[in-house]
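# Observations on the model geometry
Chain by chain, the residues:
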Amino acid sequence: MAVCPKCQKKIPPYHLGQNCPHCKVNLRFYDFDKQFYRDAKQAELSLAKINIFIAHVKASFIGSKLAIIRLCTMILPLVSLLAPYAKVNITQPFYSSDIQLSALGLFGAFSDGVLNYVLGMKGGGGEGAAFSALFAALASFAAVAVFAVLVFLLTVLCFISVKKMPKILCAVSCLGIAASIVTALLCLRYSAITRDTANVILSGKASFGFIVSIICFGVVFAVNLLIIKKGLNIEYKEGDLERAEIAKKVKSGEVKIEDLPQPIVETEETRKIEEEVKQQQSLYREKEGGDGDEEV
């Protein structure tokens, strides 16, 4: 429910007139000049926040060579998922399948129902150990894929925190490297189990995919580590940081917006605007004075 700015009485929601039903003051134009300056100050502070946000976005993506390199390398871990970590052969009397432990290979295996078959066989009989080892390798590869997706998403959202995001990306890259190594070890374990037990259903061997993955995650780690050490080139507009600090004080109640000057922070831009306004006022006065002389 609205309140009259003059008499501070509540205005019923069904009242549609411009005048207060209690003191009859015009609600639209009461203290118009004060409200105008208040809105102008709020707009100045809000624009500063937007300018700082845009500066962070530019710095995170195209603010320096390192930022551009990071933007280009964010897809490397995802691309590395295409390289095979292992080659798996499933042989049965009436069915055989060759799959690769990679993104495309697992997509095909899922479409053919091979993954459901592996899940169903990992707990059964003498072949269960081999299927369990294969399942463990698949689960570890899924973790690598999760970290690859996180690298991509966190790089896209790196403008949220210019200082913290590179550290987070370094940590995620390290986890991706660790998951790649674990996946390689599990693939070697699967290969050893199928070889030592003379498995008639499963066979296969480890491949080079983990090397590609480690290199890609390592590149992401190195680029973000350089960004942490050298920082990003953030170009703020004059006065925006000062306005942002003032906005925090206004929000916390330390400073009242009514007590702030207009403009809140004087910059080269505001000085040019003031000069233009004075010039236009001078031209207007000269014109009015000239018209008056002609009339006389």
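If you're wondering where the values come from, they're calculated on a predicted model, not measured in any experiment.

Here the focus is the nonpolar core. If you look at the biggest cluster of nonpolar residues, it comprises 36 residues, and the most contacted ones within it are V88, L101 and L202. Going through the elements one at a time, β3 (86–92), α4 (103–112), α6 (128–156), α7 (164–196) and α8 (209–230) are the ones with two or more residues in this core. The element best represented in this core is α6, accounting for 12 residues. The residues contacting L101, other than those within four sequence positions of it, are A83, P84, Y85, A86, L106, A137, L138, F141, T183 and C187.

The next subject is the packing of α6 against α8. Between α6 and α8, the shortest axis-to-axis distance is 12 Å and the interhelical angle comes to 30°. It follows from the interaxial angle that α6 and α8 lie roughly parallel. The handedness of the crossing between α6 and α8 is left-handed. Only S213, F217 and V220 of α8 make contact with α6, whose side of the interface consists of V144, F147, A148 and V151.

Here S161 shows up in the loop between α6 and α7. Within polar-contact distance, the side chain of S161 engages the backbone nitrogen of K164 at 3.2 Å.

On to the packing of aromatic side chains, then. Applying the stated criterion across every chain, the model contains four aromatic pairs. Relative to Y37, the ring of F36 has its centre 5.7 Å away and its plane inclined at 75°; by these criteria the two rings are edge-to-face. Classification of Y37 by relative accessible area gives partly exposed; the value is 45%. Between Y85 and F141 the ring centres are 5.2 Å apart and the planes differ by 75°, which places this aromatic pair in the edge-to-face class. Here the residue Y85 occupies a position in the loop between α3 (76–80) and β3, and F141 occupies one in helix α6, the gap between them amounting to 56 residues. Each of the two residues, Y85 as well as F141, counts as buried. Grouping aromatic residues by their ring pairs yields a cluster made of F53, F61 and F159.

Looking at the protein chain as a whole, the pLDDT averages 85, with 88% of positions reaching at least 70. Predicted confidence for residues 292–296 stays below pLDDT 50, and this span has zero contacts to residues more than four positions away or in other chains.

For the rest of this paragraph, the subject is unusual backbone geometry. Cis geometry is adopted by the peptide bond preceding P263, which originates at Q262 and carries an omega value of 0°. Note on placement: P263 falls in the loop between α9 (240–252) and α10 (268–295). If you check the backbone angles, Q8 has positive phi at about 60° while not being a glycine. Looking at where Q8 falls in the secondary structure, it is placed in the loop between β1 (2–3) and β2 (10–11). Overall, Q8 belongs to the exposed group, its relative accessible area being 54%.

A word on the side chain of T73. Among the secondary structure elements, T73 is positioned in helix α2 (residues 65–73). Of note is the side chain of T73, whose polar atom sits 3.1 Å from the backbone oxygen of R70. Contacts of T73, omitting those with residues within four sequence positions, involve V219, V220 and V223.

Definitions and limits used
- Residues numbered from 1 in each chain as written.
- Predicted model: local features only at pLDDT ≥ 70, side-chain atom pairs only at ≥ 80, totals over all residues.
- Heavy atoms only, no water.
- Core = buried A, V, L, I, M, F, W, Y, C linked by side-chain atoms within 4.5 Å.
- Buried < 20%, exposed > 50% of the residue type's maximum accessible area, 1.4 Å probe, protein only.
- Helix = DSSP H or I, 4+ residues; strand = E, 2+ residues; numbered from the N terminus.
- Contact = heavy atoms within 4.5 Å.
- Axes fitted to C-alpha atoms, helices over the stretch in contact; angles between N-to-C directions.
- Parallel < 35°, antiparallel > 145°, perpendicular 65-115°, else oblique.
- Left-handed = near helix turned anticlockwise from the far one by under 90°.
- Polar contact = N/O pair within 3.5 Å; in protein donor to acceptor, adjacent residues only side chain to side chain.
- Phe/Tyr/Trp six-rings, centres within 6.5 Å; stacked < 30°, edge-to-face > 60°.
- pLDDT = per-residue confidence, 0-100.

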